[in-house]
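Okay, here's what each chain looks like letter by letter:
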Amino acid sequence: MGKKILLATRIRLWAGFFSKISYRRDIPLVIQSFSKRRKFQIPDEIRSVMSPIKGFLSRKEAGLLYWAASEWPLTGPVLELGSYAGRSTILFALAGRRVCAVDAWDEEILAGANAVFDSYQENIRRVGIETKVSTHRGLSHKVGQSWTVPGAILFVDAGHDYELVRGDLDIWAPHLLPGGILIMHDVIGDVFLGVTRAASEFLQQGWHVVASAGSIVAFARNAHSVAT
Ligand SMILES: C[S@@+](CC[C@H](N)C(=O)[O-])C[C@H]1O[C@@H](n2cnc3c(N)ncnc32)[C@H](O)[C@@H]1O
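Values in this document were obtained by computation on a predicted structure and should not be read as measured data.

Undergrad: Can you help me understand the overall build of the protein chain in this one?
TA: Within the protein chain one finds nine helices and seven strands. Radius of gyration (C-alpha) of the protein chain: 17 Å, near the 17 Å computed for a compact globule of 228 residues. Counting over 228 residues, the protein chain shows a buried share of 43%. Partitioning the intrachain contacts of the protein chain with sequence separation of at least 6 by distance along the chain shows that 71% fall at a separation of at least 24.

Undergrad: How do you make sense of the pairing of strand E3 (residues 133-137) when you look at a structure like this?
TA: A regular strand places its side chains on the two faces of the sheet in alternate fashion. For strand E2 (residues 99-103) and E3, the ladder comprises five bridges, and the chain directions are parallel. Directly across from Cys100, in E3, lies its bridge partner Ser134. Crossover handedness for the path E2 to helix H6 (residues 113-127) to E3: right-handed.

Undergrad: Can you walk me through the site of the ligand in this structure?
TA: Taken together, 20 residues form the shell around the ligand, and within it Gly55, Gly82, Arg87, Ser88 and Gly159 come nearest. When the residues that make up the shell around the ligand are grouped by side-chain class, the tally is eleven nonpolar, six polar and three charged.

Undergrad: Looking at this structure, how should I read the sheet that holds E3?
TA: Strand pairing within a sheet occurs via backbone hydrogen bonds; the two strands may be parallel or antiparallel. Taking strand neighbours across the sheet as the criterion, the seven strands line up as E3-E2-E1-E4-E5-E7-E6 in an open arrangement whose pairing is mixed. Only two strands of the sheet have a single neighbouring strand rather than two, namely E3 and strand E6 (207-213). The sheet shows a mean angle of 20 degrees between the axes of neighbouring strands, direction not considered. This element, helix H4 (residues 59-71), spans strand E1 (78-81), strand E4 (151-156), strand E5 (176-184), E6 and strand E7 (216-221) of the sheet and lies at about 125 degrees to E6.

Undergrad: Is there a simple way to think about the environment of Val116 in this case?
TA: Within the element layout of this structure, Val116 appears in helix H6. Given 19 C-beta atoms within a 10 Å radius, Val116 is considered partly exposed. Considering only alpha carbons, one finds Val116 and Lys54, 62 residues apart in sequence, at a separation of 9.1 Å. Residue contacts for Val116: discarding those within four places in its chain leaves Tyr84, Ala85, Trp105 and Leu110.

Undergrad: What exactly am I supposed to notice about the packing of H4 against helix H5 (residues 87-94) here?
TA: When two helices pack together, their arrangement is captured by the angle between the axes and the distance separating the axes. Where H4 meets H5, the closest approach of the two axes is 8 Å, and the angle between their N-to-C directions is 35 degrees. H4 and H5 meet at a crossing whose hand is right-handed. The residues of H5 that touch H4, namely those facing Ala62, Leu65, Tyr66 and Ala69, are Ser88, Leu91 and Phe92. In terms of residue class, the contact of H4 with H5 is built from six nonpolar, one polar and no charged.

Undergrad: Hey, could you run me through the pairing of E2 in this one?
TA: Burial within E2 is extensive, with five of its five residues counted as buried. Across the two faces of E2 the burial is the same, with Val99, Ala101 and Asp103 and Cys100 and Val102 all buried. Examined bridge by bridge, E1 and E2 share four bridges and lie parallel to one another. Looking at E2, one finds that Glu80 is bridged to Ala101. For the segment spanning E1, H5 and E2, crossover handedness is right-handed.

Rules behind the numbers
Residues numbered from 1 in each chain as written. Predicted model: local features only at pLDDT ≥ 70, side-chain atom pairs only at ≥ 80, totals over all residues. Helix = DSSP H or I, 4+ residues; strand = E, 2+ residues; numbered from the N terminus. Rg over C-alpha atoms; globule rule 2.2 N^0.38 Å. Buried ≥ 20, exposed ≤ 12 C-beta atoms within 10 Å, placed from the backbone. Contact = placed C-beta atoms within 7 Å. Pairing = 2+ DSSP bridges. Right-handed = clockwise from strand over helix to strand, strands pointing away. Near = placed C-beta within 6 Å. Nonpolar A, V, L, I, M, F, W, Y, C, P; charged D, E, K, R; others polar. Axes fitted to C-alpha atoms, helices over the stretch in contact; angles between N-to-C directions. Left-handed = near helix turned anticlockwise from the far one by under 90°.

Read these as spatial facts, not as claims about activity.
Spelled out as structure tokens, the structure:
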């Protein structure tokens, strides 16, 4: 019975997504994402550290982030846009990466932002990863304009409107090292269609999908790929 309800919910979610996307624009993204879907694992000890932290990553999505941080064959930090209470930040750091965490934590954007920022700082301290994380509080496009540190992984999970995502991709993708991986949250699903649109457009500009799980899609520049 439970399985039937789960299947019905999934069918409804997928039907919602397919009814809202632009076929002409988004189908290449959907096809590539489906062909690269995998079940990524995450070590139990890391899952138990992450689970109590408030955030928006599902288990599958956390698995993909863990895989990218621990296995993507390029040294360098994660440039994380959108850190909230630190769930993804902590996952990247525990997987062995330095993390540059960028978030506005601004009450005008996020209700209760100051309290979320306090819990972010407390979580980083409690997990003991202060030396692996640098925190940059500000609007992602403003921080990006004067950014100088190249990253091996760019994780885009800040503003979810089309213009904001597009702006983040345009400003931050040049800060990815050659061979770097771009990971976007909330691409596949019917809630953040501006994210889907920005990702589809980016795919047409010399990128391809290397992995996908849940709503997340990971891209590499066309000259670079790894066996997945
Ligand atoms: C979905 S949450 C990030 C979740 C986090 N990656 C996690 O795994 O728990 C989005 C975050 O983006 C931040 N944000 C939204 N718009 C932003 C912008 N224009 N610049 C910087 N941060 C922004 C919000 O403050 C919020 O903390």
